[in-house]
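Each chain, written out:
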2 protein chains.
Amino acid sequence: MSEYTVTFNLTAAGCNAQMQLPLQSLVRDIIDAATLHANSLGFGYARLIEDGNAWVLSRLSMQISRFPTVGESYSLTTWIEGFNRHFSERNFEIIDAAGTTIGYARTIWVAINIATRRPADLSALTGLSGSVSQRPCPIPRQGKIKLPESFPNTTDYTVCVSDIDSNRHLTTARYVELVVNTLSLETCDRNQITEFEISFMHECHFGETLTISSLFSDNTLVAVIADAQGIPCCNAKITLSPVNL
Amino acid sequence: MSEYTVTFNLTAAGCNAQMQLPLQSLVRDIIDAATLHANSLGFGYARLIEDGNAWVLSRLSMQISRFPTVGESYSLTTWIEGFNRHFSERNFEIIDAAGTTIGYARTIWVAINIATRRPADLSALTGLSGSVSQRPCPIPRQGKIKLPESFPNTTDYTVCVSDIDSNRHLTTARYVELVVNTLSLETCDRNQITEFEISFMHECHFGETLTISSLFSDNTLVAVIADAQGIPCCNAKITLSPVNL
């Protein structure tokens, strides 16, 4: 199948303070949809691990007009736009219960050798070429996140047990959560997220103390998460729009 | 229906470092199953809010022989054991994909007036009496968590945006996560959780700095989460058993 759709339902306990799907949960759903599609095509976790490799999310960008609300079903349809020896481009359409498109996302996935953590060569996955879809994705390709000269806000965070995923690294949704958590509850009440971008550079481990540097101005949040040595682990940008209260 | 069953599936992105369902996610599933059952019986959120009331989880205790693993389906069957004017007792059986019982949970839910945060009177919910099930729950009723004279470990945590639920309080799963996070990754790798108890006394809000005090000895973790005034918000106990590595 060159396209794959997964349907989710937002439960009461899964909501944020605004009774909507949290951004970090949508990112987790995107990763799950990608994983299920790759598995169904025969180049998921089980196939890559045969060569000692694994998929790692490198970049994600999203535009969304509204987030699903409590009790609402929503679907993600995903397809592969392209690939080369080192990475694949996978897109997503976000659809609400009425069948209306509420957003799109673009992702870049890199295959890495799980022992060396270096990029793997995907040439052996000959099936990939047959799974490319011609379906268009109307949001632009992700650019480089422009960072300010300095960040007015910094906060430290030590990586805990519940932050670690099955790859033994800080889980992707938690990076997103750490970025969102630089916002105040009042800002989240008065605004909605309309655009989100994140780029991953370096993996974080259990027990590391990270520094989250952020600047929020003109409805745009830019944040960098760096490790104790100051090495940037990810950059992210969130664009907000005021809501009518 | 005097019993209600919800089936879940553990996705890759939903796993913890041990590739299992995290304790805090199981607690969230328990809350979701309770919510869906109460809604289906006509005394869920929509009915209680008519009187200005809402259900609040007061206590939870659980015994579990193993946690679901990645890709596995699992079900929660819930039923009401009893109720009175102020609270209801709701139990859960946790069942794996093969139909084997892997655990049980007991919960106590209190109805509170959402304006005063004081206990509400449930006498008006006459339908509750017809929904009591005679199904037995083989784990004992929850006792008082015995606290040590002093706690060797304390850590502070400031409540963030992503910790707040639709009731505008620290979300239940996050209390559980804060307790689990007093353990090391090595402890979680070498042991499995077999028993869990939590009692809620006081609600936490956005921006509050909490103190998590804990003692881990003899495979048992006891923790108290208190607010900045030292008022205890919840007590919890986790019992661990070594796993064969």
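Details of the structure are given in the entry above.
We now turn to the structure provided with this report.

Definitions and limits used
- Residues numbered from 1 in each chain as written.
- Chains lettered and ligands numbered in written order.
- Predicted model: local features only at pLDDT ≥ 70, side-chain atom pairs only at ≥ 80, totals over all residues.
- Heavy atoms only, no water.
- Buried < 20%, exposed > 50% of the residue type's maximum accessible area, 1.4 Å probe, protein only.
- Helix = DSSP H or I, 4+ residues; strand = E, 2+ residues; numbered from the N terminus.
- Pairing = 2+ DSSP bridges.
- Axes fitted to C-alpha atoms, helices over the stretch in contact; angles between N-to-C directions.
- Polar contact = N/O pair within 3.5 Å; in protein donor to acceptor, adjacent residues only side chain to side chain.
- Contact = heavy atoms within 4.5 Å.
- Buried area = accessible area lost by both parts, 1.4 Å probe.
- Salt bridge = Lys/Arg side-chain N within 4 Å of Asp/Glu carboxyl O.
- Phe/Tyr/Trp six-rings, centres within 6.5 Å; stacked < 30°, edge-to-face > 60°.
- Lys NZ or Arg CZ within 6 Å of the ring centre and 35° of its normal.
- Least-squares fit on C-alpha atoms with pLDDT ≥ 70 in both.
- Core = buried A, V, L, I, M, F, W, Y, C linked by side-chain atoms within 4.5 Å.
- 1 Å grid on protein atoms, 1.4 Å probe; cavity = no way out; pocket = protein on both sides within 12 Å on 5 of 7 lines; lining within 4 Å.
- Points joined across faces, edges and corners; volume = space filled by probe spheres on them.
- Nonpolar A, V, L, I, M, F, W, Y, C, P; charged D, E, K, R; others polar.

On to the pairing of strand 3 (residues 73–83) of chain B, then. Residues and elements named next belong to chain B. With 8 of its 11 residues buried, strand 3 lies for the most part within the structure. Two elements, strand 1 (residues 3–9) and strand 3, share 7 bridges in a ladder whose sense is antiparallel. Opposite Glu3, over in strand 3, you have Trp79 as the bridge partner. In this structure, strand 3 lies alongside strand 4 (residues 87–96), joined through 9 bridges in antiparallel fashion. Within strand 4, the position partnered with Gly82 by the bridge is Glu89. Between strand 3 and strand 4, which follow one another and run antiparallel, lie 3 residues.

Residue and element names in this part refer to chain A. One open sheet holds the 10 strands; their spatial order is 1-3-4-5-2-7-10-9-8-6, and the pairing between them is antiparallel. Only two strands of the sheet have a single neighbouring strand rather than two, namely strand 1 (3–9) and strand 6 (153–158). If you compare each strand with its neighbour and ignore which way they point, the axes differ by 25° on average. Relative to strand 8 (residues 209–217), strand 6 is paired through 6 bridges, and the arrangement is antiparallel. Counted as the bridge partner of Thr154 is Ser213 from strand 8.

Let us now look at the side chain of His169 of chain A. Residues and elements named next belong to chain A. Mapped onto the elements of the fold, His169 is located in the loop between strand 6 and helix 3 (172–180). Within the local environment of His169, its side chain forms a polar contact with the side chain of Glu203, the two groups lying 3.3 Å apart. Once residues lying within four places of it in the same chain are set aside, the contact partners of His169 are Arg117, Asp163, Ile164, Glu203, Cys204 and His205.

When the parts of a complex come together, some accessible area is lost, and that lost area is often taken as the interface size. The interface is formed by 31 residues belonging to chain A together with 30 residues belonging to chain B. Both sides together, the interface formed by chain A and chain B hides about 2,600 Å², and carbon and sulfur atoms give 58% of it. The tally of links between chain A and chain B comes to 2 salt bridges. When the shortest N-O distance is used, the salt bridge between Asp189 of chain A and Arg168 of chain B registers 2.4 Å. Across the contact surface, chain A and chain B share 14 residue pairs in polar contact (both at pLDDT 80 or more). Elements supplying a minimum of two residues to the side of chain A that touches chain B: helix 1 (23–41), helix 3 and helix 4 (185–190) of chain A. Considering every element that reaches the side of chain A that touches chain B, the biggest residue donor is helix 1 of chain A, with 5 residues.

Residue and element names in this part refer to chain A. Across all of its chains, the model carries 4 aromatic pairs over all chains by this definition. On the numbers, 5.4 Å between centres and 20° between planes, the contact of Phe8 with Tyr74 is stacked. Linking Phe8 in strand 1 with Tyr74 in strand 3 (residues 73–83), this pair joins segments that are 66 residues apart in sequence. Each member of the pair, Phe8 together with Tyr74, is buried. Sitting over the face of the ring of Trp79, Arg135 holds its NZ or CZ atom 4.5 Å from the ring centroid.

Further remarks concern the relation of the copies chain A and chain B. Once turned by 180° and shifted 0.0 Å along the axis, chain A lies on chain B with an RMSD of 0.0 Å. This pairing of chains is accounted for by a two-fold axis. Rotation axis and chain A: the residue whose C-alpha lies nearest the axis is Tyr157 of chain A, separated from it by 4.9 Å. The fraction of interface residues of chain A whose copies in chain B are also interface residues reaches 97%, indicating that both copies meet through the same surface.

This part covers the nonpolar core. Nonpolar side chains in soluble globular proteins tend to end up buried together. Core analysis: the largest hydrophobic core is formed by 66 residues, its most contacted members being Met62 and Phe196 of chain A. With residues up to four places along the chain from it excluded, the contact list for Met62 of chain A reads Leu23, Leu26, Val27, Ile30, Ile94, Tyr104, Ala105, Ile139, Thr194, Glu195 and Phe196 of chain A. By size, the runner-up hydrophobic cluster in this structure holds 64 residues, among which are Phe8, Phe43, Val176 and Leu178 of chain B.

Moving on: the environment of Pro232 of chain A. Residue and element names in this part refer to chain A. With respect to the helices and strands, Pro232 occurs in strand 10 (residues 232–242). On the basis of relative accessibility, which here comes to 37%, the residue Pro232 falls in the partly exposed class. C-alpha of Pro232 to C-alpha of Ser162: the two residues are 70 residues apart in sequence and 22 Å apart in space. If sequence neighbours within four positions are ignored, Pro232 has contacts with Met201, His202, Val224, Ile225 and Ala226.

A word on the layout of surface pockets. To find leftover empty space, a probe the size of one water molecule is rolled over the atoms. Residues and elements named next belong to chain B. Roughly 1,200 Å³ of internal volume is contained in the second largest pocket. If you trace the second largest pocket, you find 49 residues lining it, with Trp55, Val56, Leu57, Trp109 and Asn167 closest to the centre. If one sorts the elements of the lining of the second largest pocket by residue count, helix 1 (residues 23–41) sits on top with 8 residues. Tallied by class, the residues present in the lining of the second largest pocket amount to 27 nonpolar, 14 polar and 8 charged.

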